[in-house]
Amino acid sequence: MNAVSPPPFPPPMGLIAEITHRCPLQCPYCSNPLALEPASAELDTGNWLRVIDEAAALGVLQFHFTGGEPMARRDLTTLVQRAADRGMYTNLITSGVTLDDRAMAALTQAGIDHIQLSFQDIDPLENDRVGNYAGAFVKKRAAIDRIRGAGLPLTLNFVIQRHNAGRVGAMLDFAEAMQAERVEIAHVQYYGWGLKNRAALLPTRAQLDASTDLVEAARIRLRGKMVIDYVVPDYHASRPKSCMGGWAQRFINISPSGKCLPCHAAETLPGFDFPTVRTHSLAAVWDSEAFRRYRGTGWMPEPCRSCDRRELDWGGCRCQAFAITGDAAVTDPACELSALHYLMGEAALESAVPAPAFAYRKPGRPRAAVALDQAGDKSRAPVLPDPGRASA
């Protein structure tokens, strides 16, 4: 009798396309790798269009355009239009600093479904300081009006760290005043540049508890009016959260050069040969050894294997396990049942000492410390696509 093959794993719900690492901001918590990929290494338009077609054929429902700053790509609206034409929900994750009237009109015509606009702080000066971009807050505020004017749903994302945790209440009030459908109060996740700057960014337990109380109160007050997503850091936790809904269970993340990852930080893990869309189909990527290695529960060590939460948190985060312990296969040390949980407590002590200066995402290229002639800074104006023209 022939052996019965196991059913194929369900297709990914979403594809996260990091179409570029270029960005006018220099946020010290950026999730991009420390070694940023140059524009010369980026996939060209033709390859991204093929990826979009393959994603639709595979059953992907959502296509998320991110970066870096995705609006740095000349062909962004060409890519958005293809994803929309293939029936996928299109989402743009942007800083908003280049979202002028012309860009908004082009994106709307291309069929963008949703825009998520990021803020570094609700205080304009602090917002600009964290992003190292003078005038960013004013441009972001103008972007809100353009998104609203286009009739699109609006999500605001506030990134929380020790310097702005005391303003979470003001952030929630601002989102309500802007009539956002959704607001994300997202504490920094400590990968990439965030890990490099952990000592400068990690909030105290008291700050975390205060922000949690504000979010929970606002959820009650604004129920049915505005959705509030809340993401916490694991450094003060007793149990890990479900990272990306489980390793390679819901998303494919593609780097600017085409490398396929179960999450944006997985490239930090040694011992992997992650496939690339230059040589592999998305279907082959989804079934690759790298994607199957930590999928599900079969890989889990104890105490994860016997835990009643194993299909809720899926063992926590492999990248965090490696960053803290040096071993991606061990129990996430955020879990109090891990023998290495004490390492999280030791790292959390960084929040109790004075914060060092930021190591900005592009060291050596400061912008926010000087007054800028915004009108004359042509490098920040979005270059809208000429259909069929390759990216820069």
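Residues numbered from 1 in each chain as written. Predicted model: local features only at pLDDT ≥ 70, side-chain atom pairs only at ≥ 80, totals over all residues. Heavy atoms only, no water.

Quick notes on the overall build of the chain
- A count of helices and strands for the chain gives 13 helices and 9 strands.
- In terms of its C-alpha atoms, the chain occupies a principal-axis envelope of roughly 65 × 55 × 45 Å.
- Scored against the burial criterion, the 392 residues of the chain give a buried share of 52%.
- By element, 55% of the accessible surface of the chain is carried by carbon and sulfur atoms, the whole surface being about 16700 Å².
- The centroid of the 42 positive side-chain charges in the chain is displaced by 3 Å from the centroid of its 42 negative side-chain charges. (Helix = DSSP H or I, 4+ residues; strand = E, 2+ residues; numbered from the N terminus. Buried < 20%, exposed > 50% of the residue type's maximum accessible area, 1.4 Å probe, protein only. Areas by Shrake-Rupley, 256 points an atom, 1.4 Å probe, with all protein chains shown as cover. Lys, Arg positive; Asp, Glu negative; His and termini not counted. Charge placed at Lys NZ, Arg CZ, Asp CG, Glu CD.)

Some words on unusual backbone geometry
- Residues Gly67 and Gly68 are joined by a peptide bond in cis, for which omega reads 10°.
- Tracing the backbone through its elements, the reader meets Gly68 in the loop between strand E2 (62–66) and helix H2 (76–85).
- The residue after Glu302, namely Pro303, is reached through a cis peptide bond having omega 10°.
- Positionally, Pro303 belongs in the loop between helix H11 (289–292) and helix H12 (318–325).
- Although it is not a glycine, Asn132 adopts a positive phi angle of roughly 55°.
- One can find Asn132 in the loop between helix H4 (124–131) and helix H5 (136–149).
- Phi is positive for Met244, close to 55°, though the residue is something other than glycine.
- As for its placement among the helices and strands, Met244 is situated in the loop between strand E7 (227–231) and strand E8 (251–254).
- Classification of Met244 as partly exposed rests on a relative accessible area of 21%.

Here's the deal with the nonpolar core
- Counting residues in hydrophobic clusters, the biggest one holds 82 residues, and the most contacted among them are Leu156, Phe158 and Ile185.
- Of all the elements, helix H1 (residues 45–58) adds the most residues to this core, at 6 residues.
- When near neighbours in sequence (up to four residues on either side) are disregarded, Ile185 contacts Phe158, Ile160, Val168, Met171, Leu172, Val215, Ile228, Asp229, Tyr230 and Val231.
- Judged by nonpolar contacts, the second largest core, of 23 residues, contains Tyr133, Tyr235, Ala334 and Tyr360. (Core = buried A, V, L, I, M, F, W, Y, C linked by side-chain atoms within 4.5 Å. Contact = heavy atoms within 4.5 Å.)

A short note on the state of the cysteines
- On inspection of all chains with the given rule, the structure shows 0 disulfides.
- Free cysteine Cys30: the closest other cysteine sulfur is in Cys27, separated by 6.8 Å.
- Left unpaired, Cys317 is separated from the closest cysteine sulfur, that of Cys243, by 3.8 Å. (Disulfide = S-S within 2.5 Å.)

Some details on the side chain of His114
- Mapped onto the secondary structure, His114 falls in strand E4 (residues 114–119).
- Overall, the relative accessible area of 10% leaves His114 in the buried class.
- Here His114 is in contact with Tyr89, Thr90, Asn91, Leu92, Pro153, Leu154 and Thr155, once residues within four sequence places are set aside.

Some points on the packing of helix H6 (residues 168–177) against helix H9 (residues 205–221)
- Put simply, H6 and H9 touch, their axes get as near as 9 Å, and they point 25° apart. The angle between H6 and H9 falls in the class roughly parallel. Remark: the crossing between H6 and H9 carries right-handed chirality. Mapping the contact onto sequence places Val168, Gly169, Leu172, Asp173 and Glu176 in H6 and Ser211, Leu214, Val215, Ala218 and Arg221 in H9. (Axes fitted to C-alpha atoms, helices over the stretch in contact; angles between N-to-C directions. Parallel < 35°, antiparallel > 145°, perpendicular 65-115°, else oblique. Left-handed = near helix turned anticlockwise from the far one by under 90°.)

Let's talk about the sheet that holds strand E9 (residues 260–261)
- As summarised here, the arrangement of the 9 strands in space is E7-E6-E5-E4-E3-E2-E1-E8-E9, forming an open sheet in which the pairing is mixed. Among the strands making up the open sheet, the edge pair consists of E7 and E9.
- For strand E6 (residues 182–187) and E7, the ladder comprises 5 bridges, and the chain directions are parallel. Bridge pairing links Glu184 to Asp229 in E7.
- Strands in contact with H6 are E4, strand E5 (154–160), E6 and E7; relative to E5, the strand with the most contacts, it is inclined by about 170°. (Pairing = 2+ DSSP bridges.)

Topic: the pattern of salt bridges
- Counted under the stated rule, the structure contains 24 salt bridges.
- Ionic pairing is found between Arg22 and Glu42, a salt bridge with its closest N-O pair at 2.9 Å. Residue Arg22 is found in the loop between strand E1 (14–18) and H1, and its partner Glu42 is found in the loop between E1 and H1; the two are separated by 20 residues along the sequence.
- You can call Glu42 buried: its relative accessible area is 8%.
- Here Arg221 makes a salt bridge to Glu176, at a shortest N to O gap of 2.9 Å. Of the two residues, Arg221 sits in helix H9 while Glu176 sits in helix H6, which places them 45 residues apart along the sequence. (Salt bridge = Lys/Arg side-chain N within 4 Å of Asp/Glu carboxyl O.)

A word on the confidence of the model for the chain
- Looking at the chain, pLDDT values average 90 and 91% of them are 70 or higher.
- A low-confidence stretch, residues 1–6 (pLDDT under 50), is modelled with 0 contacts involving residues beyond four sequence positions or located in other chains.
- Of the regions scoring below 50 in pLDDT, residues 363–392 engages in 59 contacts with residues more than four places distant in sequence or in other chains. (pLDDT = per-residue confidence, 0-100.)

Here's the deal with the side chain of Thr94
- In this fold, Thr94 is placed in strand E3 (residues 89–94).
- Polar contacts involving the side chain of Thr94 include one to the main-chain amide nitrogen of Gly96, which spans 3.0 Å. (Polar contact = N/O pair within 3.5 Å; in protein donor to acceptor, adjacent residues only side chain to side chain.)

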